[in-house]
Amino acid sequence: MLTDIWMPQPRQFSMRLHGGIDPRRSIALAACAEASGFASIWFAENPFNRGVLPAAAASAAATRRIGIGIGVLNPYNRHPTLMAMEIGALDELAQGRARLGIGSGIASATERMGLAADRPLAAVRDAFTIVRALLAGEEVNYAGRVFSAVNVKLDYKAPRPDLPLLMAARGDRALALCGRIADGLMISNMCPAAFTAHAVEVVGNAARATGRNPPAEVVQYVPCAARPDRGEAVRLAKDTLGEMLPTFWSLGERVPAARSAMLRAAGLCESDFVAAVARLRAGEKGVDALDERFVSAFAIAGTAADCLAQAQAYFDAGASELVLSFAGEQPEDDIRYLGDGLGQFPGRNAS
């Protein structure tokens, strides 16, 4: 029986971990984030890297208060019945602290598994339908356009039939579907605050059109460099973005919604991205190829006070939770440094 279920609060700061991190290292970072006052740890799973469930489970067992988010799983890697099996068990281990994000994944990676990725929204809709029903203890007979379940019922009672299911979305059709079916929205890295405002509007309109309240949870990933030396932090943020930008720009060349999201950045136009990516691909470091417009658009960086002030733009745009990817190889000092300032952030509820 769950006696102290974790509940998300508005204007929260969390930390992002991912499959590129050794699971044992994840445990130490999770403990540091919990001790520093962060609300949750989100585990981002990327194609063909480590699966994140071992790290998430170990981190859940090693902590007591902090939320445990999986963001995101896609139904091509894990059939929705398997998603329900795993997230219910993780929530049981975490004693009601788990949340799950679901998305359609990256089409090019899905195709490398020999699977067609031509109906991503249908795939996500099927996943939500099956996972939600299984967690509620129902026997599921559902014939979806992409995924189905025949006479399937979990052999154990999941702790929470209402475990929050969030949806990763970027294009307007995906955002509208999120508004119709999900408990919250997940926004990727490299999406500026102007995109957040647009996304929240589309999701809210779709929810209201179907008689639902707009999802209260809007979880956004953002790179972070927090250091007492502002210049050092900005340089670190530039190098971090320099490692990310070519990959995201390549994605944008294949996925119009990803490109459109990036181009909502204030003060940057397409030619700025093209020139920066060319320099990065030629071997320049981010600190040389990127100016502070990129840092302002796609990261929060500087002193703790700077970072908290910059975070306000995302919250004003409608984000309820910022999930920070701390730059650098040894981020514990930066996590503790920013954590020391979280209690003074205006409008943030105590965890």
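To be clear, the structure that these remarks concern was listed above.
Quick summary incoming for the structure in this document. Please read all numbers here as calculations on a predicted model, not as lab measurements. (Residues numbered from 1 in each chain as written. Predicted model: local features only at pLDDT ≥ 70, side-chain atom pairs only at ≥ 80, totals over all residues. Heavy atoms only, no water.)

1. What about the packing of aromatic side chains?
Evaluated as defined, the whole model comprises six aromatic pairs. Taking 5.8 Å as the distance between ring centres and 85° as the angle between the ring planes, the aromatic pair formed by F38 and F326 counts as edge-to-face. Taken together, the positions of F38 in the loop between α1 (23–35) and β2 (40–44) and F326 in strand β11 (residues 321–326) put the pair 288 residues apart, joining distant regions of the chain. Pairing F273 with F294 gives two aromatic rings, centres 5.5 Å apart and planes at 80°, and the pair type is edge-to-face. Within this pair, whereas F273 is found in helix α10 (residues 270–281), its partner F294 is found in helix α12 (residues 292–298), the two being separated by 21 residues in sequence. Among the aromatic side chains, those forming a connected cluster through ring pairs are W249, F273, F294 and F298. (Phe/Tyr/Trp six-rings, centres within 6.5 Å; stacked < 30°, edge-to-face > 60°. Helix = DSSP H or I, 4+ residues; strand = E, 2+ residues; numbered from the N terminus.)

2. Brief notes about the nonpolar core
Residues F38, I70, M167, L324 and L338 are the most contacted members of the largest nonpolar core, which totals 80 residues. With ten residues, the top contributor of residues to this core is helix α5 (residues 120–135). Those residues within four positions of M167 in sequence are excluded, and the remaining contacts are I102, L121, V124, F128, A174, L177, C178, I181, A182, G184, L185 and M186. Counting residues in each nonpolar core, the second largest holds 27 residues, with W249, V277, F298 and A327 among its members. (Core = buried A, V, L, I, M, F, W, Y, C linked by side-chain atoms within 4.5 Å. Buried < 20%, exposed > 50% of the residue type's maximum accessible area, 1.4 Å probe, protein only. Contact = heavy atoms within 4.5 Å.)

3. Some words on helix α6 (residues 172–181)
Most of α6 is tucked away: seven of the ten residues are buried. Buried within α6 we find A174, L175, A176, L177, C178, G179 and I181. The secondary structure elements touched by the buried residues of α6 are α5, β7 (165–168), β8 (184–187) and α7 (193–209).

4. Some points on the pairing of strand β6 (residues 148–152)
In this structure, strand β5 (residues 140–143) lies alongside β6, joined through three bridges in antiparallel fashion. Counterpart to A143 in the pairing with β6 is S148. (Pairing = 2+ DSSP bridges.)

5. Quick look at the packing of helix α3 (residues 80–94) against α5
Two numbers describe how α3 lies on α5: the axes approach to 8 Å, and their chain directions differ by 45°. The pairing of α3 with α5 is recorded here as oblique in orientation. Remark: the crossing between α3 and α5 carries right-handed chirality. Between α3, through P80, T81, M83, A84, I87 and G88, and α5, the contact on the second element is made entirely by A127, I130, V131, L134 and L135. (Axes fitted to C-alpha atoms, helices over the stretch in contact; angles between N-to-C directions. Parallel < 35°, antiparallel > 145°, perpendicular 65-115°, else oblique. Left-handed = near helix turned anticlockwise from the far one by under 90°.)

6. Observations concerning unusual backbone geometry
The residue after G71, namely V72, is reached through a cis peptide bond having omega 5°. Positive phi values are uncommon outside glycine, yet F48 reaches one of about 70°. Within the chain, N151 stands out as a residue other than glycine whose phi angle is a positive 55°. For N151, the position within the fold is in strand β6.

7. Focus on α1
Between its terminal C-alpha atoms α1 stretches 19 Å, which fits the 18 Å expected from 13 residues at 1.5 Å a residue. Of the positions making up α1, those classed as buried are S26, L29, A30, C32, A33 and E34. Check the buried side of α1 and you find it contacts β1 (12–18), β2, α2 (53–62) and α14 (332–342). Where α1 begins, one side-chain oxygen reaches toward the backbone nitrogen of R24, 2.7 Å away; that side chain belongs to D22. Trailing α1 by a residue or two, G37 shows a phi angle of about 90°, which is positive. (Expected span 1.5 Å × (residues − 1). Polar contact = N/O pair within 3.5 Å; in protein donor to acceptor, adjacent residues only side chain to side chain.)

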